[in-house]
Amino acid sequence: MKALVTRLDSFGDVLLAGPAIRAVAARADSVTLLCGPRGAPAARLLPGVDDILVWDAPWVGFTPPPVGRGEVELLVDTIDADTALVLTSFHQSPLPTALLLRLAGVDFIAADSEDYPGSLLDVRHHRAPHAHEVEAALDLAEAAGFPPPDDGRPRVLPPPDTAGLTGPEPYVVLHPGASVPARAWSPGRCAEAVRELAAAGHRVAVTGGAGERDLTSYVAGSHALDLGGRTGAAELAGVLAGADAVVTGNTGPAHLAAAVGTPVVSLFAPVVPAERWRPYGVPYVLLGDQDAPCAGSRARDCPVPGHPCLDTVTAHDVVNAVEKLMGEAA
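As annotated in an unreviewed UniProt entry, the protein chain is ADP-heptose:LPS heptosyltransferase from Streptomyces caelestis.

Structural data, given as structure tokens:
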């Protein structure tokens, strides 16, 4: 059986699809993962993936491309699978993807869908109302004939040794950036947390992408190791794996930390529900006002002056959360 799994959105979304992909891989001869460009670095980290197709879908993402007939036809001609699992978030429709898969000749397609799918789906599954994204994907996989072969926790391939970047353990990681501005703790608060963690005796590493070097430099100051722009996805996995705890918002590195088994202090803006997007499978502390006026809005930019859901969280709260997680792990 040639299986294809699709998850077309972001880095963290692809990581959360990992347990369902392993379920498919346990019964298929090969698994191709169809993902978007933002999810491709995560796809390369996942066990059970034999091949990766990268396609920027015009119905996904914050700056989707225009619809191009040539690009669609090329994708349809490239797909080679008997069976497909279309993974989406609770607010997304799988039907545009399912239509392309039917045109590509895929015989069996399963997805969560509240909309009537006509002949596009062989398994029209209804996700549990409050299921975490990991659990929802696993439920769909099982409904399609792929029961979970393991504990169902996110995981990645063994990361490289990054002691040359971080120096010796122990250390705590603070990741100040986020792909969505509304989900980020303010740079000032992040810098305060670095200073307070250092004052409490913790060695701190600050991580960020190549475009976040100014942010990580400011947050690290003279109190932390600045790793901004120095890690690709695999190296970041290694840095997070070596940490005692990771402090970050609801963004990809939170899920990458969980995938390498590191506890997470989650600065969680409630623009999406924590029950669906919190760190999964590891100890965590959730910080942030989950009943703030922005709750459930899916806003990209904070709609409330002062960003109260997160900026009411103090550096002292973060230090206490880090030490709580470290105490539980001891």
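On inspection of all chains with the given rule, the structure shows 13 salt bridges. The salt bridge partner of R69 is E73, with a shortest N-O separation of 3.0 Å. On the criterion of helical spacing, the pair formed by R69 and E73 is a turn pair, its members being 4 residues apart in helix α4 (residues 69-78). As a salt-bridge pair, D112 and R127 come within 3.8 Å of each other at their nearest N and O atoms. Here D112, found in strand β5 (residues 108-112), pairs with R127, found in the loop between β6 (123-125) and α6 (133-143); they are 15 residues apart in sequence, far enough to count as distant. Overall, D112 belongs to the buried group, its relative accessible area being 10%. The buried category is assigned to R127, whose relative accessible area is 15%. Here the residues in one salt-bridge network are R7, D9, D13, D112, R127 and E133, joined through shared partners.

Let's shift gears to the packing of aromatic side chains. Tallied over the full model, the rule gives 1 aromatic pair. Measuring from centroid to centroid gives 5.5 Å for W55 and W59, while their planes differ by 65°, and the two rings are edge-to-face. Positioned above the aromatic ring of F90 is the side chain of R276, whose terminal nitrogen or guanidinium carbon lies 3.8 Å from the ring centre. One cation-aromatic arrangement involves R300 over F62; the distance from NZ or CZ to the ring centre is 3.9 Å.

The subject of this paragraph is the sheet that holds strand β9 (residues 225-226). Spatial strand order, β9-β8-β7-β10-β11-β12: 6 strands in an open sheet with parallel pairing. Each of the sheet's edge strands pairs with one partner strand only, and the pair in question is β9 and β12 (284-287). The pairing of strand β8 (residues 204-206) with β9 spans 2 bridges and is parallel. The residue bridging V206 from the neighbouring strand is D226, located in β9. Packed on one face of the sheet, helix α11 (residues 252-259) meets β7 (172-175), β10 (245-249) and β11 (264-267) and runs near 155° to β10. Lying on the sheet, helix α14 (residues 315-329) is in contact with β7, β10, β11 and β12; it crosses β12 at an angle near 165°.

As a rule of thumb, soluble globular proteins bury nonpolar side chains together. Counting 49 residues, the largest nonpolar core has L33, L85 and L256 as the members making the most contacts within it. Of all the elements in the fold, those that place two or more residues in this core are β1 (2-7), α1 (11-16), α2 (18-25), β2 (30-35), α3 (40-43), α6, α10 (233-241) and α11. Considering every element that reaches this core, the biggest residue donor is α11, with 5 residues. Apart from the residues within four sequence positions on either side, L33 is in contact with V5, R7, V14, I21, A43, L46, V49, D51, I52 and L53. Within the second largest apolar cluster, 35 residues are counted, among which are V180, A182, A220 and L325.

Before going further, it helps to spend a moment on α11. Structural remark: α-helix, 3.6 residues per turn; residues separated by three or four positions point the same way. When you tally the buried positions in α11, you get 8 out of 8 residues, the bulk of the element. If you follow the buried residues of α11, they end up packed against α1, β7, α10, β10, β11 and α12 (274-277). Two residues or fewer after α11 comes G261, characterised by a positive phi angle close to 85°.

Procedures and definitions
- Residues numbered from 1 in each chain as written.
- Predicted model: local features only at pLDDT ≥ 70, side-chain atom pairs only at ≥ 80, totals over all residues.
- Heavy atoms only, no water.
- Salt bridge = Lys/Arg side-chain N within 4 Å of Asp/Glu carboxyl O.
- Helix = DSSP H or I, 4+ residues; strand = E, 2+ residues; numbered from the N terminus.
- Buried < 20%, exposed > 50% of the residue type's maximum accessible area, 1.4 Å probe, protein only.
- Phe/Tyr/Trp six-rings, centres within 6.5 Å; stacked < 30°, edge-to-face > 60°.
- Lys NZ or Arg CZ within 6 Å of the ring centre and 35° of its normal.
- Pairing = 2+ DSSP bridges.
- Contact = heavy atoms within 4.5 Å.
- Axes fitted to C-alpha atoms, helices over the stretch in contact; angles between N-to-C directions.
- Core = buried A, V, L, I, M, F, W, Y, C linked by side-chain atoms within 4.5 Å.

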